[in-house]
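Descriptive analysis of the structure
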Amino acid sequence: VKNYKISGTDTYSIQKSLDDSFIQTIYMMRNDSSKKMNEFFDIYLVKLVIYLIKKILKSKIDGKTIEQEKIKEAILPKTKKLLQKIIDAEKKNLPVILKEYKFNEEIIQTVFNEKPDFLKIDIAISKDMINRFKQTKVPHKCEKAKQRCVKTMIDIINIKNILRAKQLNYNQELCKNL
């Protein structure tokens, strides 16, 4: 704990403080690494707020009001712009925005089903994030570490999806597709 600047007295503020320290560590690693690693670190910073992208996108699809304050939780300016565009857009214009930010066709199709399934949207976005990591070019000496990182992320995402599906009482067959 002595290596982190922790502030706050309640659980939320302490966790926020730890998250901020972690983000600073990622920036420090990015600055100390080869420029060839920048894309990997940028994707990782997006991954940290993927929950926010999912939440704002699903709220927009569901016709719910989205608080502008949520955009401040994004780390990268590019992510903040994406969130602002989603908030400002009409639902019918979301495919153009998602394509502009290189979301894959599976996400766009899932989002624009007549009855969007939010669990499927979560899964499609998580898969897309993993594929972005897999496709990111890193120096040869970093490839093995990147692959281990991706495998760990896949395990964590699978566990989270299964727990969420169980909490939402999804049937066993649907859970197998996660």
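Calculation criteria
Residues numbered from 1 in each chain as written. Predicted model: local features only at pLDDT ≥ 70, side-chain atom pairs only at ≥ 80, totals over all residues. Heavy atoms only, no water. Salt bridge = Lys/Arg side-chain N within 4 Å of Asp/Glu carboxyl O. Buried < 20%, exposed > 50% of the residue type's maximum accessible area, 1.4 Å probe, protein only. Helix = DSSP H or I, 4+ residues; strand = E, 2+ residues; numbered from the N terminus. Polar contact = N/O pair within 3.5 Å; in protein donor to acceptor, adjacent residues only side chain to side chain. Contact = heavy atoms within 4.5 Å. Axes fitted to C-alpha atoms, helices over the stretch in contact; angles between N-to-C directions. Parallel < 35°, antiparallel > 145°, perpendicular 65-115°, else oblique. Nonpolar A, V, L, I, M, F, W, Y, C, P; charged D, E, K, R; others polar. Expected span 1.5 Å × (residues − 1).

1. So, the pattern of salt bridges
A full pass over the atoms with the stated rule returns nine salt bridges. Glu69 is paired through a salt bridge with Lys72; the nearest N and O atoms lie 3.4 Å apart. With its nearest N and O atoms 3.3 Å apart, the salt bridge here joins Glu73 to Lys70. Judged by its relative accessible area of 24%, Lys70 falls in the partly exposed class.

2. Thoughts on the side chain of Thr136
By the secondary structure assignment, Thr136 is in the loop between helix H7 (118-135) and helix H8 (140-167). Judged by relative accessible area, which is 1%, Thr136 ranks as buried. A polar contact is formed between the side chain of Thr136 and the backbone oxygen of Arg132, at a distance of 2.6 Å. For Thr136, the residues in contact, after removing those within four places along its chain, are Glu39, Phe40, Ile43 and Lys146.

3. A short note on the environment of Asp19
On the secondary structure map, Asp19 appears in helix H1 (residues 11-32). When its relative accessible area of 40% is taken as the criterion, Asp19 is described as partly exposed.

4. Side note on the packing of H7 against H8
The angle between the axes and the distance between the axes are what describe a pair of packed helices. Direction vectors running N to C along H7 and H8 enclose 175°, while the axes themselves pass 10 Å from each other. The angle between the axes of H7 and H8 places the two elements in the roughly antiparallel class. Across the interface between the two elements, Leu119, Asp122, Ile123, Ser126, Ile130, Phe133 and Lys134 from H7 touch Lys146, Val150, Met153, Ile154, Ile157, Asn161, Arg164 and Ala165 from H8. Residue composition of the contact of H7 with H8, grouped by class: nine nonpolar, two polar and four charged.

5. A closer look at H8
With 28 residues, H8 extends 41 Å from end C-alpha to end C-alpha; this agrees with the ideal 40 Å at 1.5 Å per step. Within two residues after H8, Asn169 carries a phi angle of roughly 60°, on the positive side.

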